[in-house]
Amino acid sequence: MRLLIKNGTVVTASDTYQADVLIEDEQIAAVGHNLSADTVIDAGGKYVIPGGIDVHTHLNMPFGGTFSSDDFFTGHRAAAFGGTTTHIDFAIQSKGTTLRQTLDTWLAKAEGKAVIDYGFHIAITDLPDSIMEEIPQCVEWGVTSLKLFMAYKGALMVDDATLFRAMQQAAANGLLICVHAENGDAIDILINQALAAGNTAPIHHALTRPPELEAEATYRAIRLAEVAGAPLYVVHLTNAGALEAVRLARGRGAPIYAETCVQYFFFTKADLDRPGFEGAKWVCSPPYREQHDQVALWQGVADNSLQVVSTDHCPFWFEGGQDGRPAGKELGRESFAKIPNGCPGIEDRMLVLYTQGVRGGRFSLNRWVELCCTNPAKLFGMYPQKGVIAPGSDADIVVWDPEATYTISAATQHHATDYNLYEGMQVTGKPAVVLARGRVLVENGQWKGEQGTGRFVPRKPFTR
Ligand code: URP
Ligand code: ZN
Ligand code: ZN
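A quick note: this is a predicted structure, and the numbers were derived from the prediction, not measured.

**Let's talk about helix H11 (residues 365–379)**
For the α-helix, the turn length of 3.6 residues means that residues three or four positions removed from each other point alike.
Turning to step 1, where the next piece is worked out: Compared with the 21 Å implied by 1.5 Å per residue over 15 residues, the 20 Å span of H11 between its first and last C-alpha is a close match.
Turning to step 2, where the next piece is worked out: Of all the bends in H11, the largest measures some 45 degrees and sits at Leu371.
Turning to step 3, where the next piece is worked out: Counting buried residues along H11, 13 of its 15 residues qualify, which places the element largely inside the surrounding structure.
Turning to step 4, where the next piece is worked out: Immediately downstream of H11, the backbone of Gly381 shows phi near 70 degrees, a positive value.

Below, the structure written as C-alpha cells:
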C-alpha cells in the first residue's frame with residue numbers, strides 16, 4: 001500500500017517546511033518532493049504533524065468500587081478524533097499479584113479492542129523481594145517505566161522505603177520511575193477531619209489536598225531519586241511550588257522530568273465549588289489549583305521546566321450505574337471522599353492546547369509538537385519509531401486543519417462520559433485526517449477505524 005500526503009506543511013519539534021510524505025505499508029518511506037502513489041490525501045493549507053502521544057491515561061481502570069468509563073475501544077476512538085495515535089496506560093498491580101500477571105491483565109483489556117498503539121507503565125503497590133527481582137524483566141517485556149503513588153492511603157499508596165527501593169532497582173536496570181507526588185498521610189488526616197466536621201461537598205476534595213502537600217512530596221521524591229541515582233518523571237504536576245522543586249533539580253543537572261495535564265491550565269478549585277453536586281465533575285487528584293498556578297504552568301512549558309503535556313484521562317459518568325454504565329461520580333453524593341477521582345480529556349488535549357497555546361501566543365507550533373508528540377516518545381523509549389515525521393518512523397500522522405473551528409461539547413465528543421469539562425469552548429484547529437501506522441482512522445469527522453488494529457508497543461530502556 002502506497003499513500004501520499006501531498007501539499008502540506010510538515011511540522012516537527014524542530015522544523016516547519018513544505019514537503020510531501022510518502023507512506024508505504026505502515027511506515028513513512030520518504031519526505032520530499034516529486035513523490036507519487038495511487039492514493040493521495042491533499043493536505044494543502046494544512047499541517048502534517050506526528051500523531052499525538054498521551055503518556056498518562058487510565059482506560060477501564062478499577063477505582064473506588066467502579067471502573068473508568070472508557071475502554072480500549074471507546075478511549076482509542078476518542079483519542080483518534082483528537083489527533084492522538086499512541087498512549088501509555090497504567091497497569092496497576094493488585095496486592096499479591098506479580099508484575100507479569102499485572103501486565104497480562106492489562107494486555108487482555110486491550111486485546112481485540114485497540115485501535116491506536118499503546119504501551120503500559122506498571123504501577124507497583126506491593127514490593128516484596130520477589131517483585132524487586134521481577135523488575136529487571138519488565139525491560140524484556142517492553143515496559144520501561146514504573147509508577148508509584150505517594151497518595152491514596154490504604155489503596156495505591158506506597159511508603160518512602162518502597163519508593164526508594166524501586167528507584168534503586170529502576171536505576172540499575174534502565175527504567176524510568178514515575179510518581180504521583182502528594183503526601184498521602186497528611187491528606188488522609190485532613191480528609192478524616194473534614195468528614196468528622198460534616199464537610200462532605202466536592203470542594204472539600206480540593207481543600208483536603210492543599211498544594212503544599214504536592215510540593216512537599218515532589219521535593220521528597222526528587223531528593224530520593226537523586227540519592228538513588230534514578231531518573232524521575234513527576235506526573236500531573238499542578239502548582240507553582242511543585243514546579244519550583246522540579247526547576248531547582250533540573251538546574252542542578254539532575255535527570256528530573258515532569259508533565260502537567262492539559263486541564264490544569266484551564267480550571268481552578270473554584271470549579272469544584274459549582275452549585276449542587278456539579279463540582280464532582282472536576283474531582284481529580286491532585287485537584288485544580290489557583291490562577292497563579294496556571295500562569296506558572298504556562299511558564300513551565302514555555303521554559304522547558306515541564307517537558308510533556310498529557311491528560312491523565314480517567315473518565316467517569318456523572319450519572320452512572322444505569323443503562324449499562326459503570327457507577328460514576330454519583331457514588332460521592334454523600335461524601336466527597338467517595339467521588340471517583342479523575343476527568344476525561346484524551347480527545348481534547350491537542351485541540352485546546354493548539355488554540356490556547358499556539359494561537360494564544362504562549363508557545364510555538366514546534367513546541368506544541370514537542371510537548372504532545374516528540375518529548376513523550378523520547379522520554380518513554382519510543383523515539384524515532386514514534387513522535388516524528390521521518391523516513392522509517394511509523395506512519396502515525398495527523399493532517400491538522402489550522403482554521404477549522406469546533407465547539408467542544410458532550411453532545412458531539414467521543415469520550416464515554418455524559419459531560420465534558422470544556423463544554424462550550426470554541427477551538428480553532430482540529431484534525432482533518434488521522435492515520436495510525438498508515439491506516440486512516442478519522443477523515444473529515446468520520447470514523448474509519450477498525451477494532452483490534454492497535455498494537456502493543458514494546459519500549460526501549462530509558463536513556464538520558
Ligand atoms: O484523579 C486522578 N488523577 N485519577 C487517576 C489516578 C491518578 O492519580 O492518576
Ligand atoms: Zn495520579
Ligand atoms: Zn493518572
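There is more to say, and it comes next.
**Some thoughts on the coordination of the zinc ion (ligand 2)**
Turning to step 1, where the next piece is worked out: The coordination sphere of the zinc ion (ligand 2) contains the protein donors His180 (ND1) and His236 (NE2), at a distance range of 2.1 Å.
Turning to step 2, where the next piece is worked out: Viewed at the metal, the four donor atoms of the zinc ion (ligand 2) are separated by angles of 57 to 152 degrees, and the geometry they form is irregular.
Turning to step 3, where the next piece is worked out: For the pair the zinc ion (ligand 2) and the zinc ion (ligand 3), the metal-to-metal distance amounts to 3.8 Å. With His180 in strand E14 (residues 176–180) and His236 in the loop between strand E15 (232–234) and helix H8 (240–251), the pair connects residues that are 56 residues apart, well separated along the chain.

**Quick notes on the site of ligand 1**
Turning to step 1, where the next piece is worked out: Of all residues adjacent to ligand 1, which total 13 residues, the nearest are Tyr152, His180, Ser285, Asp312 and Asn341.
Turning to step 2, where the next piece is worked out: A distance of 3.0 Å separates a nitrogen atom of ligand 1 from a polar atom in the backbone of Asn341.
Turning to step 3, where the next piece is worked out: Relative to its free-state accessible area of 260 Å², ligand 1 is covered by the protein chains to the extent of 100%.
Turning to step 4, where the next piece is worked out: Looking at side-chain class alone, the shell around ligand 1 contains four nonpolar, seven polar and two charged residues.

**Considering the coordination of the zinc ion (ligand 3)**
Turning to step 1, where the next piece is worked out: The protein atoms donating to the zinc ion (ligand 3) are His56 (NE2), His58 (NE2) and Asp312 (OD), with metal-donor distances spanning 1.9 to 2.1 Å.
Turning to step 2, where the next piece is worked out: Given four donor atoms and angles of 86 to 133 degrees at the metal, the environment of the zinc ion (ligand 3) is assigned as tetrahedral.

**A few points about the sheet that holds strand E13 (residues 145–149)**
Turning to step 1, where the next piece is worked out: Strand order in the open sheet made by the eight strands is E8-E11-E12-E13-E14-E15-E16-E17, with parallel pairing throughout. Edge strands, defined here as strands with exactly one partner in the open sheet, are strand E8 (52–57) and strand E17 (308–310). Across this sheet, the average inter-strand angle for adjacent strands is 30 degrees, counted without regard to direction.
Turning to step 2, where the next piece is worked out: As paired elements, strand E16 (residues 256–261) and E17 share three bridges and run parallel to each other. Each bridged residue has a counterpart across the sheet, and for Thr260 the counterpart in E17 is Val309.
Turning to step 3, where the next piece is worked out: Here helix H2 (residues 99–110) sits on the sheet and contacts strand E11 (84–92) and strand E12 (117–123); the angle it forms with E12, its principal contact strand, is near 150 degrees.

**Side note on the packing of aromatic side chains**
Turning to step 1, where the next piece is worked out: Applying the stated rule across the entire model yields 25 aromatic pairs.
Turning to step 2, where the next piece is worked out: Here the aromatic rings of Tyr233 and Phe380 are separated by 4.8 Å at their centres, their planes lie at 85 degrees, and the arrangement is edge-to-face. Taken together, the residues span a long stretch of sequence, with Tyr233 in strand E15 and Phe380 in the loop between H11 and strand E18 (397–407) at a distance of 147 residues.
Turning to step 3, where the next piece is worked out: A relative accessible area of 1% places Tyr233 in the buried class.
Turning to step 4, where the next piece is worked out: Both rings, one in Phe266 and one in Trp298, keep their centres 6.1 Å apart while their planes meet at 85 degrees; by these two values the pair is edge-to-face. Placement of Phe266 in the loop between E16 and helix H9 (291–302) and of Trp298 in helix H9 is noted, with a sequence separation of 32 residues between them. Both residues of the pair, Phe266 and Trp298, belong to the buried class.
Turning to step 5, where the next piece is worked out: Members of the aromatic cluster, connected to one another through ring pairs, are Tyr264, Phe265, Phe266, Phe267, Trp282, Tyr288, Trp298, Phe363 and Tyr422.
Turning to step 6, where the next piece is worked out: Sitting above the plane of the Tyr406 ring, Lys430 keeps its charged end 5.7 Å from the centroid.

**A closer look at the nonpolar core**
Turning to step 1, where the next piece is worked out: Of all hydrophobic cores here, the largest spans 124 residues; its most connected members are Leu232 and Trp368.
Turning to step 2, where the next piece is worked out: The biggest single contributor to this core is helix H7 (residues 211–228), with seven residues.
Turning to step 3, where the next piece is worked out: Residues contacting Trp368, with those up to four places away along its chain left out, are Ile49, Met350, Leu353, Tyr354, Val358, Phe363 and Trp400.
Turning to step 4, where the next piece is worked out: The next biggest cluster of nonpolar side chains, apart from the first, holds 17 residues, and it includes Ala19, Ile41, Ala395 and Ala432.

**Let's talk about helix H1 (residues 74–81)**
Turning to step 1, where the next piece is worked out: Burial runs high along H1: seven of the eight residues are buried.
Turning to step 2, where the next piece is worked out: Inspection of H1 places Thr74, Gly75, His76, Ala78, Ala79, Ala80 and Phe81 among the buried residues, and these make up the whole buried set.
Turning to step 3, where the next piece is worked out: Taken together, the buried residues of H1 touch E11, E12, strand E19 (426–436), strand E20 (439–443) and strand E21 (446–447).

**A few points about the pairing of E12**
Turning to step 1, where the next piece is worked out: The element E12 is extensively covered by neighbouring structure, given that seven of its seven residues are classed as buried.
Turning to step 2, where the next piece is worked out: Alternating positions in E12 separate into two faces, Asp117, Gly119, His121 and Ala123 on one and Tyr118, Phe120 and Ile122 on the other, with burial throughout.
Turning to step 3, where the next piece is worked out: Inspection of the sheet shows E11 paired to E12 by seven bridges, in the parallel sense. The residue of E12 that forms the bridge with Thr86 is Asp117.
Turning to step 4, where the next piece is worked out: Following the backbone out of E11, through H2 and into the adjacent parallel E12, one traces a crossover that is right-handed.
Turning to step 5, where the next piece is worked out: Pairing between E12 and E13: two bridges, direction parallel. Looking across to E13, one finds that Ile122 is bridged to Leu146.

**Digging into unusual backbone geometry**
Turning to step 1, where the next piece is worked out: With an omega dihedral of -10 degrees, the bond running from Ser285 to Pro286 counts as a cis peptide bond.
Turning to step 2, where the next piece is worked out: Position of Pro286 relative to the elements: it lies in the loop between E16 and H9.
Turning to step 3, where the next piece is worked out: With omega at 5 degrees, the peptide bond leading from Tyr383 into Pro384 counts as cis.
Turning to step 4, where the next piece is worked out: Within the element layout of this structure, Pro384 appears in the loop between H11 and E18.
Turning to step 5, where the next piece is worked out: Look at Asn304: it is not a glycine, yet its phi comes out positive at around 70 degrees.
Turning to step 6, where the next piece is worked out: One non-glycine residue, Asp323, adopts positive backbone phi at about 50 degrees.
Turning to step 7, where the next piece is worked out: Tracing the backbone shows Asp323 in the loop between E17 and helix H10 (349–359).
Turning to step 8, where the next piece is worked out: The exposed category is assigned to Asp323, whose relative accessible area is 73%.

About the criteria used
- Residues numbered from 1 in each chain as written.
- Chains lettered and ligands numbered in written order.
- Predicted model: local features only at pLDDT ≥ 70, side-chain atom pairs only at ≥ 80, totals over all residues.
- Heavy atoms only, no water.
- Helix = DSSP H or I, 4+ residues; strand = E, 2+ residues; numbered from the N terminus.
- Expected span 1.5 Å × (residues − 1).
- Bend = angle between axes of the 7 residues up to and from the residue.
- Buried < 20%, exposed > 50% of the residue type's maximum accessible area, 1.4 Å probe, protein only.
- Donors = N, O, S within 2.8 Å, 3.2 Å for Na, K, Ca; no water.
- Tetrahedral: all angles 85-135°; square planar, octahedral: opposite > 155°, others 65-115°.
- Near = heavy atom within 4 Å.
- Polar contact = N/O pair within 3.5 Å; in protein donor to acceptor, adjacent residues only side chain to side chain.
- Areas by Shrake-Rupley, 256 points an atom, 1.4 Å probe, with all protein chains shown as cover.
- Nonpolar A, V, L, I, M, F, W, Y, C, P; charged D, E, K, R; others polar.
- Pairing = 2+ DSSP bridges.
- Axes fitted to C-alpha atoms, helices over the stretch in contact; angles between N-to-C directions.
- Contact = heavy atoms within 4.5 Å.
- Phe/Tyr/Trp six-rings, centres within 6.5 Å; stacked < 30°, edge-to-face > 60°.
- Lys NZ or Arg CZ within 6 Å of the ring centre and 35° of its normal.
- Core = buried A, V, L, I, M, F, W, Y, C linked by side-chain atoms within 4.5 Å.
- Right-handed = clockwise from strand over helix to strand, strands pointing away.

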